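Geometric and topological summary
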Amino acid sequence: QQIGGSQKAGSRSTKTGRFGVGFCSCYHATDLPSFLSRDFLVVLDPHCAHVSDNRSEPGKMLCFLENPKTVASSRDTFEPYRVFGCSLQHSYPGTIFRLPLRTAEQAAASRISAQPFVGAPARGLLDAFL
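Source: prediction; values computed, not measured. (Residues numbered from 1 in each chain as written. Predicted model: local features only at pLDDT ≥ 70, side-chain atom pairs only at ≥ 80, totals over all residues. Heavy atoms only, no water.)

Overview of the pairing of strand β2 (residues 40–44)
Applicable threshold: We treat two strands as partners when DSSP finds at least two bridges between them. Per the convention used, a helix needs a DSSP run of H or I reaching at least four residues, while a strand needs a run of E reaching at least two, with both numbered from the N terminus.
Note that strand β1 (residues 34–38) and β2 share four bridges and pair antiparallel. For L36, the partnering residue across the bridge sits in β2 and is L41. Counting the residues in the hairpin turn of β1 and β2 gives one residue.

Below, the structure is given as structure tokens:
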């Protein structure tokens, strides 16, 4: 399946997701979105550069409760979720999205967008949420 490819893609209806333009809009700012919900971490890696080098598997879903060794050995991946109160030792009663902004170095290698998401565009997005 291609990024942005969904069953709604061929529809001429106004379906763009329940709340707006849909999750794929996050690829405007990042190449590596992820989210944690209940017992699972899902990392979407369309370049197969971070969590998988298998092109047929551009992402991973991991039950962090059943994989404490992976959590311990991948601190950079899991640590940001602790900021929001997720201990990674118990189920989290919500969903946390992580959208690391695309750097200039990442943009140079990206097949999604050659535009880094830093400086004024990033600041504007953050200001819109504050």
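Things to note about the layout of surface pockets
Here is the rule we go by: A cavity here means a set of 1 Å grid points, computed over protein atoms only, where a 1.4 Å probe fits but cannot escape. A pocket is an open set with protein on both sides within 12 Å along at least 5 of 7 lines, and lining residues have an atom within 4 Å of a point. Grid points are joined across faces, edges and corners, and a volume is the space filled by probe spheres set on the points. Polarity classes work like this: nonpolar for Ala, Val, Leu, Ile, Met, Phe, Trp, Tyr, Cys and Pro, charged for Asp, Glu, Lys and Arg, and polar for all others, with Gly in that last group.
Put simply, the second largest pocket is a space of about 560 Å³. At four residues, helix α2 (residues 75–82) tops the list of elements feeding residues into the lining of the second largest pocket. Of the residues in the lining of the second largest pocket, the class split is twelve nonpolar, nine polar and seven charged.

Some points on the nonpolar core
What counts here: Here the nonpolar core consists of buried residues drawn from Ala, Val, Leu, Ile, Met, Phe, Trp, Tyr and Cys, with membership extended through side-chain atoms lying within 4.5 Å. Buried, partly exposed and exposed residues are distinguished by accessible area as a fraction of the type maximum, computed with a 1.4 Å probe on protein chains only: under 20%, between the cut-offs, and over 50%, respectively. Whether two residues are in contact is decided by their heavy atoms, any of which lying within 4.5 Å being enough.
Core analysis: the biggest nonpolar cluster contains twelve residues, these being L36, L41, V43, L62, F64, V71, F78, Y81, C86, L88, Y92 and I96. Listed by contribution, the elements that provide at least two residues to this core are β2, α2 and β4 (92–98). Those residues in contact with L88 that sit more than four places away from it in its chain are L36, F64, L65, V71, F78 and R82.

Describing the pattern of salt bridges
Between side chains of opposite charge, a pair can form when the charged atoms approach closely. The condition is simple: Definition used for salt bridges: Asp or Glu carboxyl oxygen within 4 Å of a side-chain nitrogen of Lys or Arg.
Here the structure, examined in full by the defined rule, presents five salt bridges. Residue D31 is joined to R102 by a salt bridge in which the shortest nitrogen-to-oxygen separation is 2.7 Å. Residue D31 is located in the segment before β1, and its partner R102 is located in the loop between β4 and α3 (104–109); the two are separated by 71 residues in the primary sequence. The partner of R123 in a salt bridge is D127, with the nearest N and O atoms 3.1 Å apart. Highlighted residues: R123 and D127, both in helix α4 (residues 120–129), separated by four residues, approximately one helical turn. Take R123: its relative accessible area is 46%, and that puts it in the partly exposed class.

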